[in-house]
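So the chains spell out like this:
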Amino acid sequence: MSSPPTFAARLIAWQEAHGRHDLPWQQTRDPYRIWLSEIMLQQTQVATVIPYYLRFLERFPDIAALAAATQAEVLEYWAGLGYYARGRNLHAAAQLIASEHGGRFPATAEQIAELPGIGRSTAAAIAGFAFGARGAILDGNVKRVLTRVFGIEGFPGRPAVERELWALAESLLPAEKIEIYTQGIMDLGATLCTRSRPNCGECPMRGLCVAEQEGRQAELPTAKPARQIPEKQTTVCVFFDGKRVLLERRPPSGIWGGMLALPEGLPEQLAPSLGVCLGSTRALAELRHTFTHFRLTLTPVLCRVAAPAACNEANMEWVALTRIDDAALPTPIRKILASLARAGGD
Ligand code: SF4
């Protein structure tokens, strides 16, 4: 790992020469304008934000104007930006500043972070840009830059990895030019060190960056681990009398509620209770199906029924193989029966 000053020095020099300097919220120390830009930029690209930002400021030029507006009016000016909780929180925070801070925007990152809709990273950015306060930011772009440059493994959303990244972000802060440094790390993540196509050839971290040196840009940051879902297994019986299959109407709620499905259980156990006379049995190909909360492996067993039988159970019905296209069947059951129909019932 390189020494921290090298990272900061490169970033500051790059921002001064190549970073963004003319965004509408960069030529001000007004915390209200900086706050508004930070919130709008949270889930939205710069180019989309600019017209909304300018229109919003025209209608709500300061905290007092925003606090005096109704929520409906504020949301009208937010419409199109999405993530409306941002607009609602902005309005609520303006009212809080008006009522509890005498209309003056709080000046420390700690106080700013107490306002609705403002997290630790955004509070540090506002305090840095508006008041020159020295504090680390750690949004998605910054996490990407740091994990790549310093080869930090592990999904950044995991608390242990996030703690490591906060500690690293704080250790990297320069003694001076904090606004340029903060803007630089934002710009680097947004313009060069992008998620899918980092432009390492033009990057000031070239030669220092672990991902670039090891060709691991695609692996860092580590992707969110796939959710582990439980595996379940069940045997279903295809009782078949040569033309028809025996299907069970599922209870109205739960998996496949109200649909027709194959009865679950082993042939020898089910046959007597269903009143069918079991002939030969043969296992069919297994089938896997993924539900929201689990994955199910179905093992179908083809059960020849010696003689056409009336079923003992009210929720069971015989359905002709030629009619399965019209029946309310869940997809995996339809697949099993379709393959049986294609095989001509053999
Ligand atoms: S060298 Fe490439 S991967 Fe490393 S920080 Fe720069 S753009 Fe990102």
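Since the model is a prediction, treat every value here as computed from it, not as a measurement.

Asker: Hey, could you go over the site of the ligand for me, with residue numbers and the actual values?
Answerer: Near the ligand the following residues occur: R148, V149, C193, P198, C200, C203, C209, E212 and Q217. By residue class, the composition of the shell around the ligand is six nonpolar, one polar and two charged.

Asker: Please set out the packing of aromatic side chains residue by residue, giving values where relevant.
Answerer: In the structure shown here, the tally under the stated rule is ten aromatic pairs. Each ring, one from F56 and one from F60, has its centre 4.8 Å from the other, and the planes form 55°; the classification is tilted. Residue classification places F60 among the buried positions, given a relative accessible area of 0%. Pairing F291 with F294 gives two aromatic rings, centres 4.7 Å apart and planes at 25°, and the pair type is stacked. We classify F294 as buried; its relative accessible area is 12%. What links up through ring pairs into an aromatic cluster is the set F56, F60, Y77 and W78. One Lys or Arg, R120, reaches over the ring of W166 and ends 3.6 Å from the middle of that ring.

Asker: Talk me through the nonpolar core; I want residue IDs and the actual numbers.
Answerer: One finds F7, W35, F56, L146 and Y181 to be the most contacted residues of the largest nonpolar core, which totals 71 residues. Among the elements that take part in this core, helix α8 (residues 120-131) stands out by supplying seven residues, more than any other. The next biggest cluster of nonpolar side chains, apart from the first, holds 25 residues, and it includes L262, L302, L321 and I324.

Asker: Report on helix α14 (residues 331-342), specifying residues and quantitative values.
Answerer: For α14, spanning twelve residues, the distance from its first C-alpha to its last is 16 Å, which sits close to the expected 16 Å at 1.5 Å a residue. Along α14, the residues that are buried comprise P332, I333, I336, L337 and L340. Viewed along the axis of α14, the buried residues span an arc of 130°, placing them on a single side of the element. In this structure, the buried side of α14 is in contact with β1 (231-240), β2 (244-249), β3 (260-261), β5 (287-290) and β6 (295-305). Directly beyond the C-terminal end of α14, a positive phi value near 70° is found at G344.

Asker: Lay out the environment of E202 in plain terms, naming residues and giving numbers.
Answerer: Structurally, the position occupied by E202 is in the loop between α11 (178-192) and α12 (210-214). A C-alpha to C-alpha distance of 36 Å links E202 and A107, two positions 95 residues apart in sequence. The residues contacting E202, other than those within four sequence positions of it, are W14 and L192.

Asker: With reference to specific residues and values, describe the pairing of β1.
Answerer: With seven of ten residues buried, β1 is to be regarded as a mostly interior element. Pairing of β1 with β6, which is carried by ten bridges, proceeds in the parallel orientation. Bridging across to β6, Q233 finds its partner in T297.

Asker: Break down the packing of helix α2 (residues 31-40) against helix α3 (residues 46-59) for me, citing the residues and quoting the values.
Answerer: One way to put it is that α2 packs onto α3 with a least axis distance of 10 Å and a crossing angle of 140°. Taken together, the axis directions place α2 and α3 in an arrangement best described as oblique. Where α2 crosses over α3, the handedness of that crossing is right-handed. Note on element contacts: α3 touches α2 through V49, Y52, Y53, F56 and L57, opposite Y32, R33, L36, S37 and M40. Tallied by class, the residues present in the contact of α2 with α3 amount to eight nonpolar, one polar and one charged.

Asker: Please set out the side chain of E38 residue by residue, giving values where relevant.
Answerer: With respect to the element layout, E38 can be found in helix α2. Here E38 is buried and forms no salt bridge, its nearest opposite-charge partner R20 lying at an N-O distance of 8.9 Å. Apart from the residues within four sequence positions on either side, E38 is in contact with T122, A125, I126, F129 and M186.

Reading guide: rules and limits
- Residues numbered from 1 in each chain as written.
- Predicted model: local features only at pLDDT ≥ 70, side-chain atom pairs only at ≥ 80, totals over all residues.
- Heavy atoms only, no water.
- Near = heavy atom within 4 Å.
- Nonpolar A, V, L, I, M, F, W, Y, C, P; charged D, E, K, R; others polar.
- Phe/Tyr/Trp six-rings, centres within 6.5 Å; stacked < 30°, edge-to-face > 60°.
- Buried < 20%, exposed > 50% of the residue type's maximum accessible area, 1.4 Å probe, protein only.
- Lys NZ or Arg CZ within 6 Å of the ring centre and 35° of its normal.
- Core = buried A, V, L, I, M, F, W, Y, C linked by side-chain atoms within 4.5 Å.
- Helix = DSSP H or I, 4+ residues; strand = E, 2+ residues; numbered from the N terminus.
- Expected span 1.5 Å × (residues − 1).
- Arc of directions from axis to C-beta.
- Contact = heavy atoms within 4.5 Å.
- Pairing = 2+ DSSP bridges.
- Axes fitted to C-alpha atoms, helices over the stretch in contact; angles between N-to-C directions.
- Parallel < 35°, antiparallel > 145°, perpendicular 65-115°, else oblique.
- Left-handed = near helix turned anticlockwise from the far one by under 90°.
- Lys, Arg positive; Asp, Glu negative; His and termini not counted.
- Salt bridge = Lys/Arg side-chain N within 4 Å of Asp/Glu carboxyl O.

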